[in-house]
Amino acid sequence: MSQFKNLICYTTGRPKTTKIIQQFARGVVNRGVQDWVPRVINIEDFLNNGHPADTDAIVCLGILRGTGLALQSAASKGIDRYYIDHAYFNPGYDGNGWLRISKNKHTMNYLPETGVYSDRWKANFSTTNDVYAWRPRRARGDKILVLPPTHAVQWYFNSYNWEDMVVDKLKQNLPASMHNLIKVRKKPNEPIVDKLGNLLRLEKQVSEENVPLQQDLDDANIVIAYNSMVALQATMQGIPVITNQHNCCYPISYTFEDLFTDVNNPKFDQDPNRKKLMHWLSSCQFNNAEIQRGTAWDMMNALQGQVG
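Quick look at the structure, then.

Structural notes on the overall build of the chain
Scanning the chain for helices and strands turns up 12 helices and 12 strands. The globule rule puts the C-alpha radius of gyration for 308 residues at 19 Å, and the 20 Å found for the chain is close to it. Viewed in the frame of its principal axes, the chain has a C-alpha envelope of about 65 × 40 × 35 Å. Across the chain, the fraction of contacts at a sequence separation of at least 24, relative to all contacts at a separation of at least 6, is 64%. When the accessible surface of the chain is split by element, carbon and sulfur atoms take 47% of a total near 14,800 Å². Each charge class in the chain can be summarised by its mean position, and for the 34 positive and 30 negative side chains these summaries are 3 Å apart.

Here it is as structure tokens:
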């Protein structure tokens, strides 16, 4: 029999998220396979003492209230991280409680060559998540919609300059007559954090235009995003996206070179492999029942690589 491994499951004291972490730990036990020992620990223990010396992997939900620091620390020490956050499809803690879970990643940003099936998409998400026909150039707008990371994500990935760098890059490579087409849209309620990732407040972003998101998408020729899930929304509506590696649409992202070659590049009219992406993401999120049974743990590790 292999030696037990220690799975440290961090809570932050918030009732809903604490319950999810407890259910996750219970699910690992409910598998009936005595190889991992989950321990539910308040994040304050890490903040005061660091990870327990015998930690083999950690579980965190979100990056606020110390969990971001725990994830960063684990990554620097080569400790496996299981990251839980809002689902790609049908997100929310209520109802089925779908959540995405990624091993050693903030989001699922790659597509495996094999082993991607449509079963979960068809059974759980296809009827509630419309995937529209790909939009040719004539069916898209002219705007270049830029979606920067929130302040919390900027802190976590040290990406404070991303918005300025992207806008500067666009202005340097596109004619001045097109600069007015660049539209930066920030998250309406932006989490502001301190240097330790503690939530200070939610800052309401007030836009003079007060344009609904859907109108911005309809007006867009292309969407450029950091980690925003709006990129997935745009993809499902048939709008090309350019993202970085912290976005779930990264596997089907176009490039800045594509845009700078020609803003009307015919390449943007070609539908990327969206179906495979939808099917894969469906296999990387789990509902409350699957988490409690341990099905999520087994399925995640089988699909996303062996544990340890």
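On we go.
Quick look at the pairing of strand E5 (residues 99-103)
For E5, a buried count of 5 out of 5 residues is recorded, marking the element as mostly surrounded by other parts of the structure. Sheet topology places strand E4 (residues 80-86) next to E5; 5 bridges connect them, and they run antiparallel. Each residue of the ladder has a partner; that of tyrosine 83, found in E5, is serine 102. Taken together, the 2 bridges between E5 and strand E12 (residues 285-286) define a ladder with antiparallel strand orientation. In the sheet register, leucine 99 faces E12, and the bridge partner there is phenylalanine 286.

A word on the packing of aromatic side chains
One pass over the full model with this rule turns up 14 aromatic pairs. Relative to tyrosine 226, the ring of tryptophan 162 lies with its centre 5.6 Å away and its plane at 75°, an arrangement referred to as edge-to-face. Placement of tryptophan 162 in helix H6 (residues 162-173) and of tyrosine 226 in the loop between strand E10 (220-225) and helix H8 (230-236) is noted, with a sequence separation of 64 residues between them. Here the two residues tryptophan 162 and tyrosine 226 agree in accessibility, since each one is buried.

Details of the sheet that holds strand E6 (residues 143-147)
Ordered in space as E7-E6-E10-E11, the 4 strands form an open sheet in which the pairing is parallel. The open sheet terminates on both sides in strands that have one partner only, identified here as strand E7 (182-184) and strand E11 (241-243). Adjacent strand axes in the sheet meet at a mean angle of 20°, parallel and antiparallel pairs treated alike. Two strands pair when backbone bridges link them, and E6 and E10 are joined in this way by 5 bridges, in the parallel orientation. Each bridged residue has a counterpart across the sheet, and for valine 146 the counterpart in E10 is isoleucine 224.

Conventions and cut-offs
Residues numbered from 1 in each chain as written. Predicted model: local features only at pLDDT ≥ 70, side-chain atom pairs only at ≥ 80, totals over all residues. Heavy atoms only, no water. Helix = DSSP H or I, 4+ residues; strand = E, 2+ residues; numbered from the N terminus. Rg over C-alpha atoms; globule rule 2.2 N^0.38 Å. Contact = heavy atoms within 4.5 Å. Areas by Shrake-Rupley, 256 points an atom, 1.4 Å probe, with all protein chains shown as cover. Lys, Arg positive; Asp, Glu negative; His and termini not counted. Charge placed at Lys NZ, Arg CZ, Asp CG, Glu CD. Buried < 20%, exposed > 50% of the residue type's maximum accessible area, 1.4 Å probe, protein only. Pairing = 2+ DSSP bridges. Phe/Tyr/Trp six-rings, centres within 6.5 Å; stacked < 30°, edge-to-face > 60°. Axes fitted to C-alpha atoms, helices over the stretch in contact; angles between N-to-C directions.

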